Structures are given as structure tokens and as C-alpha cells.
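Each chain, written out:
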Amino acid sequence: MRDLKSILVYCGANAGNKPIYRDAAIELGNYLAKNNQTLVYGGGSIGIMGIIADTVLAASGKVIGVIPDFLNVKEVGHSGLTEIHVVQSMHERKAKMETLCDGVIVLPGGYGTMDEVFEMLTWSQLGLHRKPIGILNVNGYWDHLVAQMDKMVEEGFLSTNNRKLMIVDSTVEGLMEKMKTFDVKTEEKWMDRGES
């Protein structure tokens, strides 16, 4: 059983157009605070990012933000966090966030969220970390992404073992339980190089 003391949450700088996405961020934020798990996130004060940070802080939880200097103004960097790291680039941001967490949860978001989660999945596939990566499938938001991952396996571009690196559940508690028991090994030969 893994001890997930800090959870990196990838999520949108927009709130989406349905209340269920805001509600999911609040539910996850309250869960983290209640279970004394530190929230690590992108440091913004708007959208789903701001909602989950504000929720954890309101419940006396700990929040660590990591934001590039050039986005500190664009994303309106959160001024009330427990800890903030201002970095120089998006690459530095992603690397720093990974070092601060024990696991990752993905809420609804856009290009940035997709970029972040796929980089973490790639790093895991390459053996650079062994942290669980969970997709909180709120309102079926990630259904098409999950289907695409299955298509990648079907077409021979992703192994079955590496497909298991993406943990999916529609509830916070269900996802967290799967992440705590995560123990998937990637394949040593993760690419077919045409060797006989």
C-alpha cells in the first residue's frame, strides 16, 4: 500500500461550462485536506486550478504551487499558498512538480493538462519514476481519451502493461484506492525495434 502524502493535480485554468467540474475539484480538495495530503499544482488562482487550491486552503490543508515567471501574471498566480515556486520555463515547472509529489491526479482541462499527463506517462514508461497516475473521469470527460489509449493497444503502438500506467475511476475514493495499490511494471522492451 502506497503512502501518498502529496498529490500533484493537473487541471484546467478554466472552470469549464458545467458545475460538475467545479464540484469535482471541491470534492477532491476536501478529500486531500481531510486526509492530510499536500496538494501540488500549477500555482494559478483561476479556473479549476484556483478552485481546488482555495478548497484545500479553506480546509486548513497544505498547497504547493509551481508556476513559470511568464505565467505568473497571465494565470494570476495564487498569492495565498503554503509554498510557491516560481520557475523559468514550462519544462522546469513539470520537472519540479514531479519531484514534489507521490502521485498524480488529472481533473478536466485542456492542452496544458494533456501535455502534463502524457509527459508523466512517458516518464513512467521509460522507468524515470514509478508514481501512480490517476484520471478522475468526471462526467465522462475522459471517455474518448481512454478509448484512444485502448485503440493504441489494439493497433500495436502501446503495450498492455504500459496501458495500465493510466489508472481511471469516476470517483475520488475509488481512484485513490487504485492509486494506493498501484504496482504495474513497464516492459523492458517497450518498443519493438524489429529484432528477431
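Residues numbered from 1 in each chain as written. Predicted model: local features only at pLDDT ≥ 70, side-chain atom pairs only at ≥ 80, totals over all residues. Heavy atoms only, no water.

## What about the side chain of His 78?
Here's step 1: Checked against the element boundaries, His 78 lands in the loop between helix H3 (71-74) and strand E4 (83-87).
Here's step 2: Contacts of His 78, omitting those with residues within four sequence positions, involve Tyr 41, Gly 43, Gly 44, Ser 45, Ala 53, Asp 54 and Leu 57. (Helix = DSSP H or I, 4+ residues; strand = E, 2+ residues; numbered from the N terminus. Contact = heavy atoms within 4.5 Å.)

## Focus: the nonpolar core
Here's step 1: In terms of nonpolar packing, the biggest core is built from 54 residues, with Val 9, Leu 39, Ile 52, Ile 105 and Leu 107 touching the most fellow members.
Here's step 2: Of all the elements, helix H1 (residues 19-34) adds the most residues to this core, at seven residues.
Here's step 3: Setting aside chain neighbours within four positions, we find Ile 105 in contact with Ile 7, Leu 8, Val 9, Tyr 10, Leu 28, Gly 134, Leu 136, Leu 175, Met 176 and Met 179. (Core = buried A, V, L, I, M, F, W, Y, C linked by side-chain atoms within 4.5 Å. Buried < 20%, exposed > 50% of the residue type's maximum accessible area, 1.4 Å probe, protein only.)

## As for the sheet that holds E4
Here's step 1: Spatial strand order, E4-E3-E2-E1-E5-E6-E7: seven strands in an open sheet with parallel pairing. Both outer strands of the open sheet, E4 and strand E7 (166-169), are each paired with one neighbouring strand and no more. Strand-to-strand, the axes of this sheet are offset by a mean angle of 25°, without reference to chain direction.
Here's step 2: Sheet analysis places strand E1 (residues 6-10) next to strand E2 (residues 38-41), joined by three bridges and oriented parallel. Bridging from a neighbouring strand, Ile 7 pairs with Leu 39 of E2.
Here's step 3: Its contacts with the sheet put helix H5 (residues 111-125) on E1, strand E5 (103-106), strand E6 (133-136) and E7, and the angle it makes with E6 is roughly 145°. (Pairing = 2+ DSSP bridges. Axes fitted to C-alpha atoms, helices over the stretch in contact; angles between N-to-C directions.)

## Regarding the packing of H1 against helix H2 (residues 47-58)
Here's step 1: Close contact between H1 and H2 brings their axes to 8 Å; oriented N to C, the two are set at 35°. Where H1 crosses over H2, the handedness of that crossing is right-handed. In contact with Tyr 21, Arg 22, Ala 25, Ile 26, Leu 28, Gly 29, Asn 30 and Ala 33 of H1, H2 contributes Ile 48, Ile 51, Ile 52, Thr 55 and Val 56.
Here's step 2: Tallied by class, residues from the contact of H1 with H2 come to nine nonpolar, three polar and one charged. (Left-handed = near helix turned anticlockwise from the far one by under 90°. Nonpolar A, V, L, I, M, F, W, Y, C, P; charged D, E, K, R; others polar.)

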